[in-house]
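Chains, contacts and geometry: an overview
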Amino acid sequence: LAVAALKLGITSIAVLALRYPVRMALSVGLGLAQIGEFSLVLEQAGRLEGLTPGGFGEVGQQVFLAVSVLLMAVTPFFGGLEKRLAAEEGLAPRGDDDEDEPLAAPGEGVVIIGGYGVAGRAVQSSSIAAGIPYRIVDLNPVSVTKAQASGVPIELGDLSRRSVLEHAGLSDASCLVLTMNDIEAVTRATKTAKLLRPDLRVVVRAQYAADEKVLTEAGADHVVIGEREAAARLSELVCGRAVA
């Protein structure tokens, strides 16, 4: 109990220090409250050097092994609490074998929007105006929590993972729009989506023209380049004023 409480406390405080919600901090703390298998390797390496847990010799070794085995045994219980906390917070459960119902109902032709920044919100507004069903996935837990409180259909997740894509309704999606700033994340998500659904239309945003080739090779059907769009708009404004 002391070891579990100590690890839970330290981990939760560290997550809270990063300004994540309390429930998320507790969820992460529960997930890491047990003593990992690697600790057994460290104990064995220390034993070869004449070191023992707490310096208590054979007694320390036996106590360490007992505590490790007990914490491993109750890990599924911790995992259950963690999933319940995640569900209450509106977060997707961890793991690649989720059995939750997909976010999109069959036949809806949902648009999956990756990222809830300025570009993601713009795509959301356009989808609402056009009456197109959509789902949003973002990696920022704070943004996700605030958006969910406002009734936005958004989930926390990494779209480069198969389970997250399937959870978002990939099988019936009509389009995947990736608006994240991280070019590597966009590339990974594009490759995963195209691997699972080669016929899926993937539209991505990139800041620099130099990234277009990489994204196209990854499978993106349309690449919107930020600096190119900005250049076109600036030219339009300048020419418009010059003509006027």
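Summary of the structure given here.

Rules behind the numbers
- Residues numbered from 1 in each chain as written.
- Predicted model: local features only at pLDDT ≥ 70, side-chain atom pairs only at ≥ 80, totals over all residues.
- Heavy atoms only, no water.
- Helix = DSSP H or I, 4+ residues; strand = E, 2+ residues; numbered from the N terminus.
- Pairing = 2+ DSSP bridges.
- Axes fitted to C-alpha atoms, helices over the stretch in contact; angles between N-to-C directions.
- Contact = heavy atoms within 4.5 Å.
- Core = buried A, V, L, I, M, F, W, Y, C linked by side-chain atoms within 4.5 Å.
- Buried < 20%, exposed > 50% of the residue type's maximum accessible area, 1.4 Å probe, protein only.

**What to know about the environment of E229**
Note that E229 resides in helix α11 (residues 226-243). Through-space distance from the C-alpha of E229 to that of Q207 is 9.5 Å; in sequence the pair is 22 residues apart.

**Thoughts on the sheet that holds strand β6 (residues 222-225)**
Strand pairing in a sheet relies on backbone hydrogen bonds, with the paired strands running either antiparallel or parallel. Reading across from one edge, β3-β2-β1-β4-β5-β6 is the order of the six strands in this open sheet, with parallel pairing throughout. Either end of the sheet is taken by a strand with one partner, and the two such strands are β3 (154-156) and β6. For this sheet, the mean angle separating the axes of adjacent strands, direction not counted, is 20°. When strand β4 (residues 175-178) meets strand β5 (residues 201-206), the two strands line up parallel, connected through four bridges. Across the sheet, the residue bridging to V177 is V203, located in β5. Helix α7 (residues 141-149) rests against β2 (134-138) and β3 of the sheet, and its axis sits at about 150° to β3. Strand contacts of helix α9 (residues 183-196): β4 and β5, with the helix running at about 175° to β5, the strand carrying the most contacts.

**Some remarks on the nonpolar core**
One finds L159, L176, L178 and V204 to be the most contacted residues of the largest nonpolar core, which totals 24 residues. Counting only elements with at least two residues in this core, the list comes to α8 (162-167), β4, α9, β5 and β6. The element contributing the most residues to this core is α9, with four residues. For L159, the contacting residues outside a window of four places in its chain are I112, G114, V137, V164, L165, L176, L178 and A189. Membership of the second largest hydrophobic core comes to 14 residues, among which are Y134, I136, L156 and V177.

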